[in-house]
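The residues making up each chain are set out below.
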Number of protein chains: 2
Amino acid sequence: MEMTHFMLDRPHSLIPLTLFAERYGSAKSSISEDLGIIKEVFEGEGLGLVHTLAGAAGGVRYIPKVSLEASKSFVLKLIHQLENPERILPGGYLYMSDILSEPRILNEIGRIFASAFAERNFDVVMTVETKGIPLAYATATYLNLPVVTVRRDNKVTEGSAVSINYVSGSNKRIQTMSLSRRALPEESRVLIIDDFKRAGGTIQGMMDLLQEFKATVAGVGVFVESAEVEEHLIEDYVSLARLRGVDSKSKQISVELGNYFDE
Amino acid sequence: MEMTHFMLDRPHSLIPLTLFAERYGSAKSSISEDLGIIKEVFEGEGLGLVHTLAGAAGGVRYIPKVSLEASKSFVLKLIHQLENPERILPGGYLYMSDILSEPRILNEIGRIFASAFAERNFDVVMTVETKGIPLAYATATYLNLPVVTVRRDNKVTEGSAVSINYVSGSNKRIQTMSLSRRALPEESRVLIIDDFKRAGGTIQGMMDLLQEFKATVAGVGVFVESAEVEEHLIEDYVSLARLRGVDSKSKQISVELGNYFDE
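Residues numbered from 1 in each chain as written. Chains lettered and ligands numbered in written order. Predicted model: local features only at pLDDT ≥ 70, side-chain atom pairs only at ≥ 80, totals over all residues. Heavy atoms only, no water.

- By the naming in an unreviewed UniProt entry, chain A goes by HTH-type transcriptional repressor PurR and is assigned to Paenibacillus larvae subsp. larvae DSM 25430.
- Here is the UniProt Sequence similarities (unreviewed entry) comment for chain A, exactly as written: "Belongs to the purine/pyrimidine phosphoribosyltransferase family. PurR subfamily." (UniProt positions renumbered as here; feature names shortened; annotations may be inferred.)

### A few points about the overall build of chain A
At step 1: Each helix and strand counted, chain A has 7 helices and 13 strands in total.
At step 2: With the C-alpha coordinates aligned to their principal axes, the bounding extent of chain A is approximately 65 × 45 × 30 Å.
At step 3: Within chain A, contacts between residues at least 6 apart in sequence are counted, and of these 60% link residues at least 24 apart.
At step 4: Carbon and sulfur atoms make up 47% of the accessible area of chain A, which totals about 11,700 Å².
At step 5: Positive and negative side-chain charges in chain A, numbering 28 and 35 respectively, have mean positions lying 4 Å apart. (Helix = DSSP H or I, 4+ residues; strand = E, 2+ residues; numbered from the N terminus. Contact = heavy atoms within 4.5 Å. Areas by Shrake-Rupley, 256 points an atom, 1.4 Å probe, with all protein chains shown as cover. Lys, Arg positive; Asp, Glu negative; His and termini not counted. Charge placed at Lys NZ, Arg CZ, Asp CG, Glu CD.)

### A short note on the domain arrangement of chain A
Residue and element names in this part refer to chain A.
At step 1: Per the domain assignment, the segments of chain A are domain 1 (1-64) and domain 2 (68-261).
At step 2: The centre of domain 1, based on its C-alpha atoms, is set 32 Å off from the matching centre of domain 2.
At step 3: With 8 residues of domain 1 in contact, the opposing surface of domain 2 contributes 8 residues.
At step 4: With both chains or domains summed, domain 1 and domain 2 bury close to 580 Å², and 48% of this area falls on carbon and sulfur atoms.
At step 5: The largest contributions to the domain 1 side of the interface with domain 2 come from Pro 11, His 12 and Pro 64, which together make up 69% of the buried area.
At step 6: Viewed at the interface, domain 2 and domain 1 are joined by 0 salt bridges.
At step 7: Where domain 1 meets domain 2, there are 3 residue pairs in polar contact (both at pLDDT 80 or more).
At step 8: Here the side of domain 1 that touches domain 2 is composed, by residue class, of 4 nonpolar, 3 polar and 1 charged. (Domains from an automatic or database assignment. Buried area = accessible area lost by both parts, 1.4 Å probe. Salt bridge = Lys/Arg side-chain N within 4 Å of Asp/Glu carboxyl O. Polar contact = N/O pair within 3.5 Å; in protein donor to acceptor, adjacent residues only side chain to side chain. Nonpolar A, V, L, I, M, F, W, Y, C, P; charged D, E, K, R; others polar.)

### Brief notes about the sheet that holds strand β1 (residues 14-15) of chain A
Residues and elements named next belong to chain A.
At step 1: Taken together, 3 strands build an open sheet; the order of strands is β1-β3-β2 and the sheet is antiparallel. Only two strands of the sheet have a single partner each, and these edge strands are β1 and β2 (48-53).
At step 2: Of the strand pairs in this sheet, β1 and strand β3 (residues 59-64) are connected by 2 bridges, and their pairing is antiparallel. Across the sheet, residue Leu 14 finds its bridge partner in β3, namely Arg 61.
At step 3: Along the sheet, helix α3 (residues 28-44) contacts β2 and β3; its crossing angle with β2, the most-contacted strand, is approximately 155°. (Pairing = 2+ DSSP bridges. Axes fitted to C-alpha atoms, helices over the stretch in contact; angles between N-to-C directions.)

### Some details on the pattern of salt bridges
At step 1: For the structure shown, the criterion picks out 24 salt bridges over all chains.
At step 2: Of the charged contacts in the structure, one is a salt bridge between Glu 158 of chain B and Lys 131 of chain A, with a shortest N-O distance of 3.5 Å. One end of the pair, Glu 158 of chain B, is in the loop between β7 (147-150) and β8 (161-167); the other, Lys 131 of chain A, is in the loop between β6 (124-128) and α6 (133-143), on a second chain. In this structure, Glu 158 of chain B and Lys 131 of chain A share a single accessibility class: buried.
At step 3: Here Glu 129 of chain B ties to Arg 151 of chain B by a salt bridge, and the two come within 3.5 Å at their closest N and O atoms. Of the two residues, Glu 129 of chain B is situated in the loop between β6 (124-128) and α6 (133-143) and Arg 151 of chain B in the loop between β7 and β8; the sequence distance between them amounts to 22 residues. This pair shows no difference in class: Glu 129 of chain B is buried, exactly as Arg 151 of chain B is.
At step 4: Shared partners join several salt bridges into a network, and the residues in it are Glu 129, Arg 151, Asp 153 and Glu 158 of chain A together with Lys 131 of chain B. (Buried < 20%, exposed > 50% of the residue type's maximum accessible area, 1.4 Å probe, protein only.)

### Observations regarding the interface of chain A and chain B
At step 1: Taken together, the contact pairs 51 residues of chain A with 51 residues of chain B.
At step 2: Note on chain A versus chain B: buried area summed over both sides is about 4,000 Å², and carbon and sulfur give 58% of it.
At step 3: Inspection of the chain A/chain B interface yields 2 salt bridges.
At step 4: Here the side of chain A that touches chain B gets 5 residues from one element, more than from any other, and that element is α6 of chain A.
At step 5: Per-class residue counts for the side of chain A that touches chain B are 25 nonpolar, 12 polar and 14 charged.

### Thoughts on the packing of helix α2 (residues 17-24) of chain A against α3 of chain A
Residues and elements named next belong to chain A.
At step 1: Across the interface, α2 lies against α3 with an axial gap of 9 Å and an inter-helix angle of 105°. The angle between α2 and α3 places the two elements in the roughly perpendicular class. Where α2 approaches α3, its residues Leu 17, Thr 18, Phe 20 and Ala 21 are matched on the opposing element by Lys 28, Ile 31, Ser 32 and Leu 35.
At step 2: Residue composition of the contact of α2 with α3, grouped by class: 5 nonpolar, 2 polar and 1 charged. (Parallel < 35°, antiparallel > 145°, perpendicular 65-115°, else oblique.)

### Notes on the packing of aromatic side chains
At step 1: Using the criterion set out here, one finds 12 aromatic pairs over all chains in the structure.
At step 2: Taken together, a centroid distance of 5.6 Å and an interplanar angle of 70° make the contact between Phe 6 of chain A and Phe 20 of chain A edge-to-face. Highlighted residues: Phe 6 of chain A in helix α1 (residues 2-8) and Phe 20 of chain A in helix α2, separated in sequence by 14 residues.
At step 3: The exposure class assigned to Phe 20 of chain A is buried, which follows from its relative accessible area of 0%.
At step 4: Through pairs of rings, three or more aromatic residues link up here, namely Phe 6, Phe 20 and Tyr 24 of chain A.
At step 5: Positioned over the ring face of Phe 213 of chain B is Arg 181 of chain B, at 4.9 Å from the centre of the ring. (Phe/Tyr/Trp six-rings, centres within 6.5 Å; stacked < 30°, edge-to-face > 60°. Lys NZ or Arg CZ within 6 Å of the ring centre and 35° of its normal.)

Written out as structure tokens, the structure is:
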């Protein structure tokens, strides 16, 4: 049971078997047996995969993975909540801050993103303030990565920063975003996570900003994308849900599964 | 092992034993035996307490608790990191965004706050954007509570909001904060979490804002408080570390344990 918790706490890290042997004072052979049981339970419970690497530099690695099926049934429940007409705000906006305020929901979305991107290698998860932040942290927890937060302003407590102006795709307004020089080592591989994507102007802005850090965007994940856009500024992204439309008159919201669930 | 994970995932919730019995198809007596083992391991490993409530409305509740000793040794390690002279920013500010970017560190701080406030009853955890957000979510995860985020601006995607002006205690600048009407039910009991506190103007602002919601502030937790203030606007709070001073000339930063560790 101690081993279980230790592994759940350290996803994507290679844990040498000698560490377990020392920590729990058991023989390597009994550790291997225990790992066999843990592997079965993790895979049976849908927690994820347990990879064992043989050899002197070997060990065990826990990779959080939610099955596509379990992810789908979870997202369908969220879609049902999102379609509640009381969410319609003036201007046809959709209120979803309550969903993004529940750690249990966020952690599950984080696990799904971590599953979607489990095979790619990243150095950091990146988001822009404000509503994407908890999603980025939830995802980063399951990928065991640090989070880099792009600011809308340039704060004195961040030290010297790189700022760029960008045009928000939907309302064509010029906005600024900035990232502390200290926050991101050069040539990092970055996973961008955000709560909502319309045309993708904000994400495109982050990509432009990342060029200043010689970084590579190796993945983009958004919780909800809007289908109500003429122009798509970015093509390669994973979405969990897609907002088809908000009809303020008939009080109807239409949300469907995102491209992560496409065949 | 399944039960362990189920409980770790649902802190502070009363889980009826019948739920376990149904879920894992075992007799209640063997569930009770398993819980005895889980209780021993949780308490031995420093994960927290396991309370069992007898009777028809009974069940089991996992309360995350880090011992004061373990918390102290963890915070002392962070203090050592905080005292690195490379953190000094122009103006004598202290760079600490990197520490607040690591999910493992955040989760541990969250567990410590959840331990500090385990006995009080809250409905929500509240913070103000930006840097307090991940700390608030980490704490909320271990208290199993939703998070309410106060915004510096008033966003159209939040619906109607209550805004107040407040004076930031340290630089006497007038600032605005706002909270969506939908975000917080009236008469909620609130735990305020923030990353840094100088005089406490921002926290005082949140308290004033909460009056508009007839809410009660039942606890305040800050990661680092500054000792370099003349006037303390709030008295009742828990701090994990205290910044004594930053000397830009001699390149020295002095940080000590916060009031949580006072005798």
